[in-house]
Amino acid sequence: MLNLNKTERYSLWSTLILGILAHGYLLTNQLFFHDGIEHAFDFGWNTWMISLGRWSTSILLSFFQFLFGMDIVSSVFFNTTLMIFLLAVMSLLIIKILRIDDPYLAAAVSGIIV
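Along each chain, residues carry numbers from 1 onward, in the same order as the chain's sequence is written. With pLDDT at 70 or above as the cut-off, local features in this predicted model cover only qualifying residues; side-chain atom pairs require 80 or more to be listed or tallied, and sums for whole chains, interfaces and linings still use all residues. For the side-chain quantities, the full set of heavy atoms in the structure was used; hydrogens and water were omitted.

Enquirer: So what about the packing of helix H5 (residues 75-98) against helix H6 (residues 103-113)? Which residues, and what values?
Expert: Helix axes use the C-alpha atoms of the stretch in contact, all axes being lines fitted to C-alpha atoms, and the angles between their N-to-C directions lie in the range 0 to 180 degrees. Helix and strand definitions here come from DSSP, where helices need a minimum of 4 consecutive H or I residues and strands a minimum of 2 consecutive E residues; each element is numbered from the N-terminal end. Interhelical geometry of H5 versus H6 gives an angle of 135° and a closest axis separation of 10 Å. With respect to their mutual orientation, H5 and H6 come out oblique. Between H5 and H6 the crossing geometry is right-handed. Taken together, the residues of H6 that come into contact with H5 (itself represented by Leu-87, Met-90, Ser-91, Ile-94 and Ile-95) are Ala-106, Val-109, Ser-110 and Ile-113. Classifying every residue of the contact of H5 with H6 by side-chain character gives seven nonpolar, two polar and no charged. Any angle between 65 and 115 degrees counts as roughly perpendicular, while under 35 counts as roughly parallel, over 145 as roughly antiparallel, and the rest as oblique. Left-handed describes a crossing whose near helix is turned anticlockwise from the far helix through less than a right angle; right-handed describes the clockwise counterpart. We call two residues in contact whenever any of their non-hydrogen atoms come within 4.5 Å of each other. Gly is placed with the polar residues, together with every amino acid not listed as nonpolar (Ala, Val, Leu, Ile, Met, Phe, Trp, Tyr, Cys and Pro) or charged (Asp, Glu, Lys and Arg).

Here you go:
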């Protein structure tokens, strides 16, 4: 368990909340392009994607099937949530490097990063 002080908790939570607010439309209203529609309705696409050089899609599908039991890969959702968490880690590192002690300033730094 991480031992975070008040400033670091403010930074972490403000990054997560502001990230979801800023990118919530992308997370909830995904637009399917030709690859997404192909993935949603065809189950034999793994070899086709690997032949195009998109080898990570089959790994991501295995990850989604193991964790969530999903057969449809949403790389937009996965990439966005991963980047929100990485931005939270980055804001924590910046606050520690700059030795920011004010929680509201830490939340502002997180907002600028998002």
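Enquirer: Give a detailed account of the packing of helix H1 (residues 6-28) against H6, specifying residues and quantitative values.
Expert: Orientation of H1 relative to H6, taken along the N-to-C sense of each, is 30°, at an axis distance of 8 Å. Relative to H6, the element H1 lies roughly parallel. Crossing of H1 against H6: the hand is right-handed. Facing Lys-6, Thr-7, Tyr-10, Ser-11, Ser-14, Thr-15 and Leu-18 of H1, the residues of H6 in contact are Pro-103, Tyr-104, Ala-106, Ala-107, Ser-110 and Gly-111. Of the residues in the contact of H1 with H6, the class split is six nonpolar, six polar and one charged.

Enquirer: Please set out the environment of Ala-88 residue by residue, giving values where relevant.
Expert: For Ala-88, the position within the fold is in helix H5. Distance from Ala-88 to Ser-14, taken between C-alpha atoms, is 8.5 Å for residues 74 residues apart in sequence. Discounting chain neighbours no more than four positions away, the residues touching Ala-88 are Leu-12, Thr-15 and Leu-16.

Enquirer: Describe unusual backbone geometry, listing the residues and the values that go with them.
Expert: The general pattern is negative phi for most residues beyond glycine and trans for most peptide bonds. Even without being glycine, Arg-99 reaches a positive phi, approximately 55°. Secondary-structure assignment places Arg-99 in the loop between H5 and H6. In this scheme, a residue with accessible area under 20% of its type's maximum is buried, one over 50% is exposed, and one in between is partly exposed, where area comes from a 1.4 Å probe on protein chains only. According to the relative accessible area criterion, Arg-99 is exposed, its value standing at 71%.

Enquirer: Tell me what's going on with the environment of His-23, and back it up with residues and numbers.
Expert: Along the chain, His-23 turns up in helix H1. With 57 residues separating them in the primary sequence, His-23 and Thr-80 have C-alpha atoms 7.7 Å apart. Setting aside its immediate chain neighbours within four residues, His-23 contacts Thr-80 and Val-114.

So, to be careful, I would describe these as geometric facts and stop short of saying anything about function.
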